[in-house]
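# Examining the three-dimensional arrangement
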Amino acid sequence: MRAGVTNLVEVEDLHVHFGAARAVDGASLHVSPGEVLALVGESGSGKTTLIRAIQGLQKPTSGQIRVEGEDGDAPRPKIQTIFNPSVQMVFQDPTGALNPRQTIYEIVAEGLRIRHEAGEEVERVARALSRAGLRPPERFFPLYPHEVSGGQRQRVVIAGAMVMEPRLLLADEPVASLDASIRGEILALMRRLVDETGLAILVVTHDLGLAWNIADRVAVMYLGRIVETGPTEQMLESPRHPYTRALLSVVPETREMEQQILTGEIPDPARIPSGCRFHPRCPLLQSGALPPEIAARCPTDDPGPTPVGALSAAACWAVPA
Amino acid sequence: MSEPMLSVRDLEVTYHGHGGDVPAVRGVSFDLEKGDSLGLAGESGCGKSTLANALLRLLPAGTEVTGQITLDGKDVLNLTPGGLRAARWTSGAIIFQGALHALNPVQTVGEQIAEPMLVHHTAASDSAAGERVVELLRRVGLPAARADSYPHQLSGGQRQRVLIAMALACDPLLLIADEPTTALDLMVQAQVLALLGDLKQERELTLMFITHDLSVLTYACRRLAVMYAGRIVEEGPARDVFENAAHPYTRALAAAFPTIGDETSRMAPSGLGGDPPTPGRLPQGCPFHPRCPLAHDACLPVEPALRSSGAERSAACVLV
């Protein structure tokens, strides 16, 4: 089943297992042109493995990943970011991601050179820098990473991705290591690229404020699966899954909500709990407020993953379908 | 009120490097009453960690520190080596940032928690220290068996709990937490903040909390001080400062963390261009003026001093 040919990426029932550990265990999601999808979850939820699989850095155990511009039947090349220029990656720490001995020009041109797309190199590098807000671009050509500010370094990383003229940007915690004041300018840049060029961004984060700032949709991942997905306003203002509600309740700014601090950490993906995988930590189940016929299902029946192509869904027995 | 737990006057810290002198803290004064909590906010390089380390004289040898620090009645900058050793861990203890690097990889966490007790003779014997380790581990929410684990066998959140247990080992009066939650994800951060809050309550700890995340400080502390270029530029009751900042820099920091549900920040991330100034090469006048959206001619001639901006509040800006 294809959710629609307009999607840039469709991930369907994806499994990535490492031995007994089911890091990704039946995840489905899609991203359309011109939208930002925030993939949210705790450490150990499988979100980084999922985007590494989209990028082609991680071989799926089973399931489908369809990326626009790729032949669905052909085996996927190993490193998607090199072989498929339409998917590019932005890493977390700009200082670590940039070679300190290369000029900004060389850094941004590198992707083109690897792909032997040397034609119009200067123009393309200039265009990418300028898109990333580094203007006039020529001024930045000869500079080294340490000669520009922290915010500008992250812009260089983004320019290095944009030079390939991607349709989809994968961003793993793009502002987590940046100072508070720089955070906003980088998020504003990402949103502007989406609005102005039709780029799509899949951003992995544990920062719900980031989602509120730039995302059209939010998908919440828990133990290898998307457990709730929906438009940002709905997800952050009236979440339905008890896990999403708990995450939201511990954001320091959401002070009106009663805090639901879950105990412990995400369970070992080699020992995924029976029934609903969230049931051992579920505050709703523990509250005793659920009708007995529902509470009885949680430890034994798996509510299943959110469906392929779903725009709004929650994998929870207590949420009406 | 009685004498404050911590009193800092005109503190200046200067690193002498190869490239010249680097003034990291440039005249900071504040008082922290017993049982109170102060959040210290600011970007990388603003001097907040230097300030924290100066409070227990943990800075590299050769660093110039002037001014006055009175902790638990002790004149910290003039303590003898023996007096200083006694003050560390018992008068004040630090929970360091970077839970992995702060722990010794080849010692069990139990040994590391016991060490300050044995050095400071707060535990009479190895077995007494062992009992206390178990008690501390339980208190921070870890099973007693974790005493035999090595740091790499623990998750980031568990390592942070170990560092908290270690800081509590000698029953300090002042607990300084330097970015204790920065590397942790949302739920673990909430767990650690709740634990610190409970500990503060039950032990009547005085708490100093350092991070660039203003929203965390507002949640965790009663008072808030914002640092920029080595000085406190705004100070006051935390919620008050966060919601109604007087200094344009505080406003920018506060706006960086949007309130979910607030329509004005939806699809509108708010930032501040540029980098904090390099210590040693500060701009003339108000050091914030090159990045300040409200800068004008009056900001250039002199650096504004901290002055009253309301009840219990002060800010260093010509517009106040």
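This structure is a prediction, so every number in the text was calculated from the model and none was measured. (Residues numbered from 1 in each chain as written. Chains lettered and ligands numbered in written order. Predicted model: local features only at pLDDT ≥ 70, side-chain atom pairs only at ≥ 80, totals over all residues.)

## Quick notes on the overall build of chain A
Put simply, the rule reads: We count a stretch as a helix when DSSP gives it H or I for four or more residues in a row; a strand needs E for two or more, and each element gets its number in order from the N terminus. It is over C-alpha atoms that the radius of gyration is taken, and the globule rule equals 2.2 Å times the number of residues to the power 0.38. Comment: burial labels come from other C-beta atoms within 10 Å of the residue's own C-beta, placed from the backbone, where a count of 20 or more is buried, 12 or fewer is exposed, and between is partly exposed. Throughout, a residue-residue contact means that the two C-beta atoms, derived from backbone geometry, are no farther apart than 7 Å.
Within chain A, the secondary structure is distributed over 13 helices and 10 strands. Taken over C-alpha atoms, the radius of gyration comes to 21 Å for chain A, in line with the 20 Å a tight globule of 321 residues would show. Viewed in the frame of its principal axes, chain A has a C-alpha envelope of about 70 × 45 × 35 Å. Residues classed as buried in chain A amount to 53% of the 321 residues present. Partitioning the intrachain contacts of chain A with sequence separation of at least 6 by distance along the chain shows that 66% fall at a separation of at least 24.

## A few points about the overall build of chain B
When its secondary structure is counted, chain B shows 9 helices and 12 strands. A globule of 320 residues ought to have a C-alpha radius of gyration of about 20 Å, and chain B, at 20 Å, matches this closely. Over its C-alpha atoms, taken along the principal directions, chain B stretches across nearly 65 × 50 × 45 Å. When each of the 320 residues of chain B is scored for burial, the buried share is 50%.

## Looking at the sheet that holds strand β4 (residues 64-71) of chain B
Residues and elements named next belong to chain B. Rules: Any two strands with at least two DSSP-identified bridges between them are counted as paired.
Pairing is antiparallel across the open sheet formed by 4 strands, whose spatial order is β2-β1-β4-β5. Of all strands in the sheet, those with a lone pairing partner are β2 (20-32) and β5 (74-75), marking the two edges. Summarising the sheet, strand β1 (residues 6-17) and β4 pair through 7 bridges and their orientation is antiparallel. In the sheet register, Val-13 faces β4, and the bridge partner there is Val-65.

## Observations concerning the sheet that holds strand β8 (residues 206-210) of chain B
Residues and elements named next belong to chain B. Put simply, the test is: Helix axes are fitted only over the stretch in contact, all axes being lines through C-alpha atoms; the angle between N-to-C directions runs from 0 to 180 degrees.
Spatial strand order, β6-β7-β8-β3-β9-β10-β12-β11: 8 strands in an open sheet with mixed pairing. If you trace the sheet from one side to the other, it starts and ends with β6 (92-95) and β11 (307-310), each paired once. Neighbour-to-neighbour, the strand axes of this sheet turn through a mean angle of 25°, independent of strand direction. Helix α9 (residues 248-256) contacts β3 (37-41), β9 (223-228) and β10 (231-237) of the sheet and is inclined by roughly 110° relative to β9.

## Thoughts on the interface of chain B and chain A
Accessible area lost upon the coming together of the parts serves often as the stated size of an interface. To be explicit about the condition: Polar here means any residue outside two lists: the nonpolar Ala, Val, Leu, Ile, Met, Phe, Trp, Tyr, Cys and Pro, and the charged Asp, Glu, Lys and Arg; Gly therefore counts as polar.
Listed as interface residues are 37 residues of chain B and, on the opposing side, 33 residues of chain A. Every element with two or more residues in the side of chain B that touches chain A is listed here: α5 (156-168), α6 (186-203), α7 (214-220) and α9 of chain B. Per-element tally for the side of chain B that touches chain A: the top contributor is α6(B), with 6 residues. Looking at the side of chain B that touches chain A residue by residue, the classes come out as 17 nonpolar, 15 polar and 5 charged.

## Section: the environment of Ala126(A)
Summarising the element assignment, Ala126(A) is placed in helix α5 (residues 121-131). Between the C-alpha atom of Ala126(A) and that of Val67(A), which follows or precedes it by 59 residues, the distance is 28 Å.

## Let's talk about the domain arrangement of chain A
Residues and elements named next belong to chain A. Keep this limit in mind: As annotated, the domain borders come from an automatic or database domain assignment.
Domains assigned within chain A are domain 1 (9-86 + 166-314) and domain 2 (96-165). Each of domain 1 and domain 2 was reduced to a C-alpha centroid, and the two centroids are 30 Å apart. Listed by partner, the interface residues are 11 residues for domain 1 and 13 residues for domain 2. Take the side of domain 1 that touches domain 2: its biggest share by element is 5 residues, from helix α8 (residues 180-197). Tallied by class, residues from the side of domain 1 that touches domain 2 come to 9 nonpolar, no polar and 2 charged.

## Structural notes on helix α1 (residues 47-55) of chain A
For α1(A), the buried fraction is high: 7 of the 9 residues fall into the buried class. Gly56(A) sits one or two positions beyond α1(A) and adopts a positive phi of about 90°.

## Focus on the packing of α5(B) against α6(B)
Residue and element names in this part refer to chain B. Note the following rule: Here roughly perpendicular refers to angles of 65 to 115 degrees, roughly parallel to angles under 35, roughly antiparallel to angles over 145, and oblique to all remaining angles. Crossings are sorted by hand: turned counterclockwise from the far helix by less than a right angle, the near helix makes the crossing left-handed, and turned clockwise it makes it right-handed.
The interhelical angle for the contact between α5 and α6, taken along N-to-C directions, is 15°, at an axis separation of 10 Å. In terms of orientation, α5 lies roughly parallel with respect to α6. Considering how the two elements wind past one another, α5 and α6 form a crossing that is right-handed. Contact residues: Gly-157, Gln-160, Ile-164 and Leu-168 in α5; Val-188, Gln-191, Val-192, Leu-195 and Leu-199 in α6. Here the residues of the contact of α5 with α6 sort into 6 nonpolar, 3 polar and no charged.

## Considering the nonpolar core
Going by this rule: By convention the nonpolar core is taken to be a set of buried residues drawn from Ala, Val, Leu, Ile, Met, Phe, Trp, Tyr and Cys and joined through C-beta atoms within 7 Å.
Counting 200 residues, the largest nonpolar core has Ala38(A), Val108(A), Ala159(A), Ile201(A), Val220(A), Leu247(A) and Val226(B) as its most contacted members. Considering each element in turn, this core owes the most residues, 8 residues, to α8(A). In terms of domain composition, this core takes at least three residues from each of domain 1 (9-86 + 166-314) and domain 2 (96-165) of chain A. Excluding anything up to four places from it in sequence, Leu247(A) contacts Val40(A), Leu208(A), Val220(A), Leu186(B) and Met187(B).

## Quick word on helix α4 (residues 126-139) of chain B
Along an α-helix, a turn takes 3.6 residues, which lines up residues three or four apart on a common side. Residue and element names in this part refer to chain B. Put simply, the rule reads: Every helix has an expected span of 1.5 Å times one less than the residues it contains. Here the arc refers to the directions that run from the helix axis out to each C-beta atom.
In a regular helix each residue adds 1.5 Å, so 14 residues correspond to 20 Å; α4 covers 20 Å between its end C-alpha atoms and thus fits that length. Restricting attention to buried positions, one finds in α4 the residues Ala-129, Val-133, Leu-136 and Leu-137. Around the axis of α4, the buried residues are gathered within 100° of arc, so they sit on the same side. Residues of α4 that are exposed and point over 90 degrees away from its buried face: Ser-127 and Glu-135. Buried positions along α4 lie against α3 (109-119) and α5.

## As for unusual backbone geometry
All names here are of chain A. Each neighbour pair has its own omega, and for Arg-135 with Pro-136 the value is -10°, a cis peptide bond. Positionally, Pro-136 belongs in the loop between α5 and α6 (137-140). A positive phi is found at Asp-13, a non-glycine position, where the angle reads about 45°. Along the polypeptide, Asp-13 turns up in strand β1 (residues 9-18). What makes Asp-13 partly exposed here is the crowd of 16 C-beta atoms within 10 Å. Although it is not a glycine, Leu-223 adopts a positive phi angle of roughly 45°. By secondary structure assignment, the location of Leu-223 is in the loop between β8 (217-222) and β9 (225-231).

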